[in-house]
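# Close look at the chain arrangement
The primary structure of each chain is shown beneath.
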Amino acid sequence: MTYFILIAGPAGSGKSTLTGALAEWLANNELDSTKVNFDPAAEVLPYVPDVDVRRYVDVEEFITKYNLGPNGALVASVDYLINYVNDVRDEIEETKSNYALIDLPGQLEIIAFRKLGPKVLKELSKGAKTTVIFAVDAGLASDPSSAFSSALLSLSVLYRLGLPMIFLVNKVDLYVKDLSKEGVDVEQLKEKIYLLRMLSDDYSCVNVGSEVLFMDPDISESLCRVIKEAWGNSVIPVSAKEFVGLDRVYASIQRILTGGEDYLTEEYNPHH
Ligand SMILES: Nc1nc2c(ncn2[C@@H]2O[C@H](COP(=O)(O)OP(=O)(O)OP(=O)(O)O)[C@@H](O)[C@H]2O)c(=O)[nH]1
Ligand SMILES: [Mg+2]
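What counts, and where the lines are drawn
- Residues numbered from 1 in each chain as written.
- Chains lettered and ligands numbered in written order.
- Predicted model: local features only at pLDDT ≥ 70, side-chain atom pairs only at ≥ 80, totals over all residues.
- Heavy atoms only, no water.
- Near = heavy atom within 4 Å.
- Polar contact = N/O pair within 3.5 Å; in protein donor to acceptor, adjacent residues only side chain to side chain.
- Areas by Shrake-Rupley, 256 points an atom, 1.4 Å probe, with all protein chains shown as cover.
- Helix = DSSP H or I, 4+ residues; strand = E, 2+ residues; numbered from the N terminus.
- Nonpolar A, V, L, I, M, F, W, Y, C, P; charged D, E, K, R; others polar.
- Axes fitted to C-alpha atoms, helices over the stretch in contact; angles between N-to-C directions.
- Parallel < 35°, antiparallel > 145°, perpendicular 65-115°, else oblique.
- Contact = heavy atoms within 4.5 Å.
- Expected span 1.5 Å × (residues − 1).
- Buried < 20%, exposed > 50% of the residue type's maximum accessible area, 1.4 Å probe, protein only.
- Pairing = 2+ DSSP bridges.
- Phe/Tyr/Trp six-rings, centres within 6.5 Å; stacked < 30°, edge-to-face > 60°.

What follows deals with the site of ligand 1. Around ligand 1 sit 16 residues, and of these G14, K15, S16, T17 and D173 come closest. Between an oxygen atom of ligand 1 and a side-chain N or O atom of S16, the distance comes to 2.8 Å. In this structure, an oxygen atom belonging to ligand 1 sits 2.9 Å away from a main-chain N or O atom of A240. With the chains in place, 70% of the 650 Å² that ligand 1 exposes on its own is no longer accessible. The dominant element in the shell around ligand 1, judged by the number of residues it contributes, is helix α1 (residues 15–28), at three residues. For the shell around ligand 1, the residue count by class is three nonpolar, eight polar and five charged.

Our next topic: the packing of α1 against helix α13 (residues 246–258). When two helices pack together, their arrangement is given by the angle between their axes and by how far apart the axes lie. Here α1 crosses α13 at 80 degrees, and the two axes come no closer than 11 Å. The angle between α1 and α13 places the two elements in the roughly perpendicular class. Contacts from L18, A21, L22, W25 and L26 in α1 reach L246, D247, V249, Y250 and I253 in α13. Considering only residue class, the contact of α1 with α13 consists of nine nonpolar, no polar and one charged.

In this model α1 runs 20 Å from its N-terminal to its C-terminal C-alpha over 14 residues, within 8% of the 20 Å that 1.5 Å per residue would give. Listing the buried residues of α1 in full gives K15, L18, T19, G20, A21, L22, A23, W25 and L26. Residues of α1 that are buried make contact with β1 (3–8), β2 (33–37), β4 (99–103), β5 (130–137), β6 (165–170) and α13. Of the residues one or two after α1, E30 is the one with positive phi, at around 60 degrees.

Looking now at the pairing of β4. Across the five residues of β4, five count as buried, placing the element largely inside the fold. On β4, burial covers both faces: Y99, L101 and D103 on one face and A100 and I102 on the other are all buried. Across five bridges, β1 lies against β4 in parallel orientation. For I7, the partnering residue across the bridge sits in β4 and is D103. Pairing between β2 and β4: five bridges, direction parallel.

On to the packing of aromatic side chains, then. What the rule picks out here adds up to 11 aromatic pairs. An angle of 40 degrees between the planes, with centres 5.0 Å apart, marks the rings of W25 and Y250 as tilted. With W25 in helix α1 and Y250 in helix α13, this residue pair connects regions lying 225 residues apart in the sequence. Residue class for W25 comes out buried when judged on its relative accessible area of 14%. Ring centres of F148 and Y194 lie 6.4 Å apart, and the angle between their planes is 25 degrees; on these two criteria the pair is classed as stacked. Taken together, the residues F148 in helix α8 (residues 144–161) and Y194 in helix α10 (residues 194–198) connect sequence positions 46 residues apart. Across the pair, Y194 and F148 agree in class, each one buried. Feature note: the residues Y56, F62, Y66, Y80 and Y84 constitute an aromatic cluster, connected by ring pairs.

Printed below as a string of structure tokens:
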């Protein structure tokens with residue numbers, strides 16, 4: 001039985017790097033995985049994909065044939081994958097590995113706002129236990145306004161996909177001086193990365209009005225509560241580049257996929 005791990009997040013947050021790093025981490029722990037490039041517009045990948053949707057759809061063709069711009073063409077090409085999703089799935093199944101790591105496109109509209117994107121992913125992982133990893137860039141997570149918008153985006157995707165999700169802040173190596181493989185100094189990171197501070201147990205949303213100046217303090221406080229309620233202190237600091245935090249990511253994956261946590265996929269209905 002292959003477990004599916006959908007790797008999502010805003011453009012450039014490190015999904016592809018994380019796909020490669022996680023595959024390597026799993027291999028080091030004697031677990032095999034299938035690396036699936038699910039981004040039809042990917043040009044250069046930091047790993048060698050075992051399964052690649054570019055075999056089935058060509059974004060360039062959508063640009064020239066249907067006169068679409070690059071974003072429209074990407075969206076259309078993912079929609080079009082609905083015709084090949086069984087082929088992609090067959091390819092994944094043939095590899096018979098423990099985990100299928102699905103490296104998604106950075107254009108979140110595809111999964112957060114459109115109809116067909118979640119349906120394609122649902123078909124892809126049909127019947128298999130599935131979890132989503134949502135990665136945000138530490139640079140974005142560092143200041144309050146972009147930390148808020150990243151966290152709200154993660155919630156859009158959470159509700160849209162209706163799958164259990166792991167929330168992580170990637171590229172923390174950019175914020176730590178001596179990043180050893182033994183782990184990160186979370187206290188040091190919290191000082192520099194607002195999202196980590198906000199999601200820690202000792203942060204009170206009552207203070208958010210003074211820290212987040214970009215809009216109404218009452219709305220900020222309410223949103224802060226929503227975000228904290230959704231994620232608690234479960235955000236994981238990661239460096240895909242330096243191989244940091246992957247053990248915690250794996251532990252969360254295990255908890256969701258094999259543990260007793262509520263498993264939402266059975267109830268998921270893409271038409272809702
Ligand atoms: N410093 C640092 N850089 C990273 C890390 N992970 C990824 N990067 C860099 O961030 C850039 C984007 O990484 P990708 O893995 O391509 O990001 P992505 O989310 O797949 O990007 P799209 O598919 O275009 O949305 C590359 O230059 C990576 O080398 C990290 O942990 N630390
Ligand atoms: Mg990528």
